[in-house]
Amino acid sequence: YEPIAADLALAQQAFVDELRSDQPFINDLTAHIGQYHGKMLRPALVLLCGRATGRVGERHHVAAAVVEMVH
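Here's what I pulled together on the structure shown here. The model shown is predicted, which means the values in this text are computed figures rather than measured ones. (Residues numbered from 1 in each chain as written. Predicted model: local features only at pLDDT ≥ 70, side-chain atom pairs only at ≥ 80, totals over all residues. Heavy atoms only, no water.)

1. What about the pattern of salt bridges?
Quick note on the threshold: For this document, the term salt bridge refers to a Lys or Arg side-chain nitrogen within 4 Å of an Asp or Glu carboxyl oxygen. The helix count covers DSSP runs of H or I at least four residues long, the strand count covers runs of E at least two residues long, and both are numbered beginning at the N terminus. The cut-offs for exposure are 20% and 50% of the maximum accessible area for each residue type, with area from a 1.4 Å probe on protein chains only; residues under the lower value are buried, those over the upper are exposed, and the others partly exposed.
In this structure the tally under the stated criterion is two salt bridges. Close ionic contact of Asp 7 with Arg 51 constitutes a salt bridge, the shortest N to O distance being 3.5 Å. One end of the pair, Asp 7, is in helix H1 (residues 5–19); the other, Arg 51, is in helix H3 (residues 41–52), with 44 residues separating them in the sequence. For the salt bridge of Arg 20 with Asp 17, the shortest nitrogen-to-oxygen distance reads 3.2 Å. Classification of Arg 20 as exposed rests on a relative accessible area of 52%. For Asp 17, a relative accessible area of 35% puts it in the partly exposed group.

Listed below in structure tokens is the structure:
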């Protein structure tokens, strides 16, 4: 994970940001879900593919977060 550590941290932040709501009960639910994000292998693969094909940008961070959410 080291070559993409900074990008993975940004993807994790995008994950947390997308789970945030203005509804307190939804925040309670998503706080619970946010604790179980696993090894982040799929987001790491998205970021590694982005790096292999060029520069990794904000869209890659969002895509990595979405991949983890769908999983």
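2. Structural notes on H1
Let me state the cut-off plainly: The span expected for a helix works out to 1.5 Å for each residue beyond the first. The arc in question is the one spanned by the directions pointing from the helix axis to the C-beta atoms.
Here H1 spans 21 Å end to end across 15 residues, near enough to the 21 Å set by a 1.5 Å rise per residue. Every buried residue belonging to H1 is among Asp 7, Leu 8, Ala 11, Ala 14, Phe 15 and Leu 19, and all of these are buried. For H1, the angular spread of buried residues about the axis comes to 130°, placing them on one side.

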